[in-house]
Amino acid sequence: MEEKILDILEEVCEDSDVRDDLDMDLFEEDLLDSLAFAELLVAIEDQLGVVIAPSEVTRDDMNTANKIIQMVQSKAN
Amino acid sequence: MSFFSGAPFFGAVFIIAMLALFLGYTERPLKWLNVVTSILVVGFVLVEKPKQLFFFLMFYIIELVLVKGYLKIRTEKGRQVVTYRIAVFLSIVPLILCKAGEVVCLYHIKWFQFVGISYLTFRCVQMIIESYDGVIKEIKVLDFTIFLLFFPTFSCGPIDRSRRFVEDFHKVYKRQEYLELFGIGLEKIFLGLVYKNVIATLFFQIMGELAKETMVEKFIHIYSYGFYMFFDFAGYSLMAIGVAYMLGIKVPENFKKPFLSVDMKDFWARWHISLSEWFRDFIFSRFIMLSMKKKWFPTRLFGASVGFIINMSVMGLWHGPSVHYILYGLYHGVLLALTEIYQKKSKFYKRNKKKKVYRFVSWFITFQLVMFGFLIFSGQLSTY
């Protein structure tokens, strides 16, 4: 699961740096924005079957790779 | 009585704040104070024009039935796209009727024209959307009522989210925590007063006394209007947030130094934030997600551009069915789309975006674009 999410993130952010530091703030580093975030949610739904609505989470809940992994895992269970 | 102006309103706020302070200091719930004072204040404001009060009550009943009714259907029948779309559409019908009354040929329609309907509609629609998402599982009548009626944000926001609001509403604070909240609230109210009643007034006076004859005068006029808009609205928002804090509700911020924005996307992350985030979460993101799933557009960038233009056009239209509001929305939609294309495609941007000189130039251009946007918004473009 973790590996798959990192693959998705790498594709959405168009940058392999996301793997280097899993606690990096992706919004602050300009790797994620509103558009990329929507793409991320679609990819998570398509590839992992986990549905997260755009208004369900705040940016602070999903601004690092680790937090995204945690969120998806908790929703999957 | 009207919101955030005049002695009756501020007198009422003073008494309410004292009562809140007593309850907060003695670690009692603020819940019922919120309910009673909101009913009273909103009632006093609307009753001055009984027709407003009547339409507000109609609106309240319609939306309550829709929100509760849709949630029941959603719980029993699951995610059905058709019922969901019907519910969303019906919930914005009162707003459509209200705005239709502002169109020249429909002046005789005077339905649902009451203070705050534009903002109240957001709160109802989002509850239906979040019910569809499965994020909202229960809506109590009391929670729904106070979420709509909460008097500091009733007429002009900031636009809160129901789940966040309800959590605060039921919270009983510890003395220290409440006093801190009260202090922050007080500070915000004073800052808001200075913004709105001192600085905004000053810019308004400059605009009034200046003839628009020479180029320089025209420029000063345009910039003064931009600053006036900011200090007036940001001041109002600060006061609303401040009073809400005193009542134990941490309403979200609305402005974050918008004139320091370095590009248009940055601007919308700093200007009328609760509105732009509402549009982001309930229109833009959903449009992008749907268009990706259905493969409507050949490229992501193309889809994003269409998304920005639709999103901002709806935002413009929401202000009112006038040409200048629609133009204002389109203007910002096109600028956001162009910004997105430029930032994704330009190697020059990627190489230079972190350099100081680049950021300064980018800030300068953004500032002019923002000011020109206000000029469109003012509906006075043709007079320059």
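Before reading on, note that the structure itself is shown above.
Nothing here was measured: the structure is a model prediction, and the numbers come from that model. Sequence order as written defines residue numbering, which begins from 1 separately in each chain. Following the order in which they are written, the chains are lettered starting with A and the ligands numbered starting with 1. The predicted origin of the model limits local features to residues at a pLDDT of at least 70 and limits the giving and counting of side-chain atom pairs to 80 or more, whereas totals for whole chains, interfaces and linings rest on all residues. The basis for the side-chain values is all heavy atoms of the structure; hydrogens and waters are excluded.

A. Summary view of the packing of helix α2 (residues 34-48) of chain A against helix α11 (residues 273-293) of chain B. Axis definition: a line fitted to C-alpha atoms, limited for helices to the stretch in contact. Angles are taken between N-to-C directions and run from 0 to 180 degrees. Runs of H or I in DSSP of at least four residues are treated as helices and runs of E of at least two as strands, each being numbered from the N terminus. Axis separation between α2 of chain A and α11 of chain B bottoms out at 9 Å; the angle between their running directions is 50°. As judged from the angle between their axes, α2 of chain A and α11 of chain B are oblique. For the crossing formed where α2 of chain A meets α11 of chain B, the hand is right-handed. Along its contact with α2 of chain A, which presents S34, L35, A38, E39, L41, V42 and E45 of chain A, the element α11 of chain B presents R280, F284, S285, I288, M289, M292 and K293 of chain B. Classifying every residue of the contact of α2 of chain A with α11 of chain B gives 8 nonpolar, 2 polar and 4 charged. Angle categories: roughly parallel below 35 degrees, roughly antiparallel above 145, roughly perpendicular from 65 to 115, and oblique for all the rest. By definition, turning the near helix anticlockwise from the far helix through less than a right angle yields a left-handed crossing, and turning it clockwise yields a right-handed one. Only heavy atoms matter for contacts: two residues are in contact if any of them lie within 4.5 Å across the pair. Charged means Asp, Glu, Lys or Arg here, nonpolar means Ala, Val, Leu, Ile, Met, Phe, Trp, Tyr, Cys or Pro, and polar covers whatever is left, Gly included.

B. Inspection of the interface of chain B and chain A at higher detail. Residue-level contacts link 22 residues of chain B with 18 residues of chain A. Buried surface at the junction of chain B and chain A, both sides included, amounts to about 1,800 Å², of which 56% is carbon and sulfur. Whenever a carboxyl oxygen of Asp or Glu lies within 4 Å of a side-chain nitrogen of Lys or Arg, that contact is scored as a salt bridge. Connecting chain B to chain A are 4 salt bridges. The partner of R300 of chain B in a salt bridge is E14 of chain A, with the nearest N and O atoms 3.5 Å apart. N or O atoms closer than or at 3.5 Å make up a polar contact, with two conditions inside protein: a donor-capable atom paired with an acceptor-capable one, and, for residues adjacent in sequence, both atoms drawn from side chains. Put simply, chain B and chain A have 6 residue pairs in polar contact (both at pLDDT 80 or more) between them. Breaking the side of chain B that touches chain A down by element, the ones donating at least two residues are α5 (117-133), α11, α12 (300-319) and α13 (323-345) of chain B. The dominant element in the side of chain B that touches chain A, judged by the number of residues it contributes, is α11 of chain B, at 10 residues. Taken together, the residues that form the side of chain B that touches chain A break down as 8 nonpolar, 1 polar and 13 charged. Put simply, buried area is how much 1.4 Å-probe accessible surface two parts lose in total, over both of them, once they are put together.

C. Region of the structure containing the nonpolar core. Only buried Ala, Val, Leu, Ile, Met, Phe, Trp, Tyr and Cys residues count toward a nonpolar core, and they belong to the same one when joined by side-chain atoms within 4.5 Å. Categorising residues by exposure relies on relative accessible area from a 1.4 Å probe, with only protein chains included: less than 20% of the type maximum marks a residue as buried, more than 50% marks it as exposed, and the intermediate range marks it as partly exposed. Among the nonpolar cores identified, the biggest contains 146 residues, and L32 and I68 of chain A together with F3 and F151 of chain B are the most heavily contacted of them. Residue contributions to this core peak at 17 residues, all from helix α9 (residues 215-246) of chain B. Those residues within four positions of F3 of chain B in sequence are excluded, and the remaining contacts are F9, V41, V42, V45, V115, F151, F154, S155 and Y236 of chain B.

D. Focus on a nonpolar patch on the surface. All names here are of chain B. Patch construction takes residues with relative accessible area above 30% that form no salt bridge. Like charges are linked within 9 Å, and nonpolar side chains (Val, Leu, Ile, Met, Phe, Trp, Tyr) are linked within 5 Å. Accessible surface area values rest on a Shrake-Rupley calculation with a 1.4 Å probe, where residue burial reflects the displayed protein chains alone. A cluster of nonpolar residues, L317, V323, I326, L327, L330, V334, L338 and I341, forms a patch on the protein surface that exposes about 650 Å² of accessible area. Per-element accounting of the nonpolar patch gives the leading share, 7 residues, to α13. Among the structural elements, L330 can be located in helix α13. When its relative accessible area of 35% is taken as the criterion, L330 is described as partly exposed.

E. The pattern of salt bridges, seen in detail. All names here are of chain B. Going through the model one piece at a time under the given rule, you end up with 22 salt bridges over all chains. Note that K188 is salt-bridged to E253, the shortest N-O span being 2.7 Å. Separated by 65 residues along the polypeptide, K188 in helix α8 (residues 175-209) and E253 in the loop between α9 and α10 (264-268) bring together distant segments of the chain. E253 sits in the partly exposed class, given a relative accessible area of 33%.

F. Spatial organisation of the environment of A12 of chain B. Residue placement: A12 of chain B occurs in helix α1 (residues 6-25). For the pair formed by A12 of chain B and M1 of chain B, sequence separation is 11 residues and the distance between their alpha carbons is 9.8 Å.

G. Summary view of a negative patch on the surface. Residues and elements named next belong to chain A. Where like charges cluster on the molecular surface, the negative patch consists of D17, D20, D21, D23, E28, E29 and D30. As for its placement among the helices and strands, E29 is situated in the loop between α1 (2-13) and α2. Note on E29: relative accessible area 39%, which makes it partly exposed. In this tally Asp and Glu are treated as negative and Lys and Arg as positive; neither His nor the chain ends contributes. To locate a charge, the coordinates of NZ of Lys, CZ of Arg, CG of Asp or CD of Glu are taken.

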